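Examining the three-dimensional arrangement
Chain by chain, the residues:
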Amino acid sequence: MRNRHREDDIEMTFSRLWKTCAAAVLAASLTTSVWAGGTLRYATIGEPPSLDQQVTTSDLATTIAHHIFEGLYTFNAANEPVPLLASGDTVSDDGKTITIKLRENVKFHNGQAMTSADVVASLKRWGEHGSRGGLLFANVASVEATGKYDVTLKLNAPFGPWKNLMGFINGGPAIYPEAIASAAGKEPIAPENYIGTGPYKFGEWKANRYVELVRYEEYASPDGTPDGYGGKREAKFDKIQFIPVPDVGTRISGVKAGDYDYAESIPGDLFADLDADPSVRTVLNGGPIFGLIFMNSKNGPLKENFALRRAIQAALDKTAALRVSIGPDKLWRANGSFLPEGNVWYTKSGTENFSRGDAEAAKKMAAEAGYKGEPIKLMVSTNYAFHYDQAVVFTKQLAQAGFNIDLQVYDWATLIQKRAQPDQWDLFVTHHGFIPDPILLSVMNDNYPGWWATPEKADLKAKFTATSDPAERVKIWSDIQALIYEQVPTMKTGDVYTYNIASPKLKDLPAATLVWPHFWNVDK
């Protein structure tokens with residue numbers, strides 16, 4: 001009988017072991033189906049100044065911080081604003097009252113439920129101290145909680161760009177707990193107060209070693225198919241470490257060796273080799289920078305002489321300049337629209353005059369405009385190599401069309417100083433970064449050097465900001481771009497794409513970033 005009991009005990013023991021092992025295997029398989037776990041290691045060019053999104057416009061800071069902090073809106077792949085912490089909104093018929101409904105059951109990383117009190121405190125701090133808050137809040141009469149999950153903004157006048165400004169997290173209205181937002185001023189909040197609602201929460205910051213984020217287990221994702229930054233967000237890594245690696249060679253070799261999963265800011269002259277290398281993936285930054293040549297509307301031969309400006313524009317072959325200044329075809333686009341193709345603001349309006357490269361036509365147009373060979377001062381800096389390279393190409397093209405171009409080369413600091421003085425220049429070269437709404441383009445600012453402030457612009461600009469109808473705003477922007485090509489306050493020189501590299505092991509990583517790379521919905 002003792003042997004029989006022993007056999008029963010052994011059988012029960014093996015049964016329990018089998019069930020335990022089976023349960024463990026099942027649990028592991030279920031876990032793997034949700035996320036792979038582990039740590040993503042991202043090699044950065046350095047350390048961010050702060051992760052406080054409301055007062056910081058550093059791209060590196062946003063790359064890290066938009067995993068932690070969220071706003072009421074974000075952008076889909078077409079750069080259309082879509083709800084994130086908001087669930088919807090209504091705008092009054094007169095355009096001056098905006099009521100935003102919040103998603104319920106959203107928790108901050110400290111476990112506190114998000115309500116309208118947190119949103120109001122965050123918006124007020126952003127409006128007073130935020131890097132981009134003033135543009136909207138100059139038009140805000142009041143912002144208040146009108147329910148536990150309702151926020152109402154009263155505007156002094158209709159202001160169409162409001163949702164785009166709220167959706168742009170860089171220098172934008174990240175939502176913090178009320179206690180943190182109310183106590184914060186213009187200085188960045190301290191790391192111990194990095195409490196957001198995002199799929200990852202702040203872990204630790206070890207100076208010169210890494211900034212570490214940790215998956216937030218109680219994250220409440222928005223619904224919908226992932227689309228740009230919109231839709232479902234799922235944290236599939238246990239941790240993300242952003243590691244400062246200033247040396248570009250070390251960043252590249254680290255991704256190849258598997259020490260890093262992702263590395264940013266890789267030089268353009270290495271693109272062709274890396275794009276063909278199976279040990280890495282190249283990832284274009286989808287928000288291009290674009291060159292601009294501003295014309296002086298206050299002083300000199302180009303002042304109010306739109307015909308002469310159009311003659312200069314007709315002489316330029318932008319494709320040739322992009323090929324010389326940037327190199328690999330995948331890193332530039334001869335795109336005359338001020339926003340890239342695929343963007344909701346993309347339009348071909350006026351772009352037939354983007355890159356004519358017609359010296360004879362330009363010479364004839366200049367003569368008809370009264371040009372008699374007066375010197376035209378073109379300022380450029382060598383601090384940005386592509387600025388200088390393009391300026392050299394354009395100077396030759398303009399000379400072939402009969403223009404007397406005085407190319408003046410300065411360091412960037414001197415150029416910035418001189419461009420504020422109308423008698424010092426006729427043309428200057430600069431570039432612009434990605435923006436969520438055309439109202440933020442420098443050429444739309446009447447006080448930006450160049451000082452374009454014609455009645456035609458003022459009329460269209462007023463209409464553009466007065467309506468919140470997306471389709472109407474797109475139509476008006478098309479008219480504004482046509483006016484830019486007619487009056488030529490500035491000339492776009494083309495889109496320039498920077499790029500990063502990634503390990504081929506990363507799964508579901510977008511082929512291009514929208515603006516900043518993101519790693520929710522990504523695993524390996």
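Whatever comes next refers back to the structure up there.
Reading guide: rules and limits
Residues numbered from 1 in each chain as written. Predicted model: local features only at pLDDT ≥ 70, side-chain atom pairs only at ≥ 80, totals over all residues. Heavy atoms only, no water. Phe/Tyr/Trp six-rings, centres within 6.5 Å; stacked < 30°, edge-to-face > 60°. Helix = DSSP H or I, 4+ residues; strand = E, 2+ residues; numbered from the N terminus. Buried < 20%, exposed > 50% of the residue type's maximum accessible area, 1.4 Å probe, protein only. Lys NZ or Arg CZ within 6 Å of the ring centre and 35° of its normal. Pairing = 2+ DSSP bridges. 1 Å grid on protein atoms, 1.4 Å probe; cavity = no way out; pocket = protein on both sides within 12 Å on 5 of 7 lines; lining within 4 Å. Points joined across faces, edges and corners; volume = space filled by probe spheres on them. Nonpolar A, V, L, I, M, F, W, Y, C, P; charged D, E, K, R; others polar.

1. Focus on the packing of aromatic side chains
The relation between two aromatic rings is expressed through the spacing of the ring centres and the mutual angle of the planes. Scanning the entire structure with this criterion turns up 25 aromatic pairs. Here Y73 and W162 contribute two aromatic rings whose centre-to-centre distance is 5.8 Å and whose plane-to-plane angle is 80°, an arrangement assigned as edge-to-face. Note that Y73 is positioned in strand β2 (residues 73-75) and W162 in helix α5 (residues 162-167), a separation of 89 residues in sequence. Each member of the pair, Y73 as well as W162, is classed as buried. Centroid distance Y194 to F202: 5.1 Å. Interplanar angle 90°. Geometry classified as edge-to-face. The pair formed by Y194 and F202 is uniform in burial state, with each residue classed as buried. Ring pairing ties together the aromatic residues F168, Y229, F434, W516 and W520, which thus form one cluster. The ring of W520 has R233 sitting right over it, with the charged end atom 3.9 Å from the ring centre. Taking NZ or CZ as reference, R473 lies 4.1 Å from the ring centre of F464, over its face.

2. A closer look at the sheet that holds strand β20 (residues 512-513)
One open sheet holds the eight strands; their spatial order is β8-β9-β10-β1-β11-β19-β12-β20, and the pairing between them is mixed. Here the strands that pair on one side only, and so sit at the sheet edges, are β8 (200-206) and β20. Summarising the sheet, strand β12 (residues 281-285) and strand β19 (residues 499-502) pair through four bridges and their orientation is antiparallel. Pairing of V283 across the sheet is with N500, part of β19.

3. So, empty space enclosed by the protein
Applying the stated criterion to the full structure yields five cavities of 30 Å³ or more. Quantified by volume, the largest cavity comes out at close to 130 Å³. Surrounding the largest cavity, 19 residues form its lining, T74, G167, I169, Y229 and W516 being those nearest its centre. Counting residues per element, the lining of the largest cavity draws most heavily on β2, which supplies three residues. For the lining of the largest cavity, a count of residues per class yields twelve nonpolar, five polar and two charged.

On their own, these measurements won't tell you what the molecule is for.
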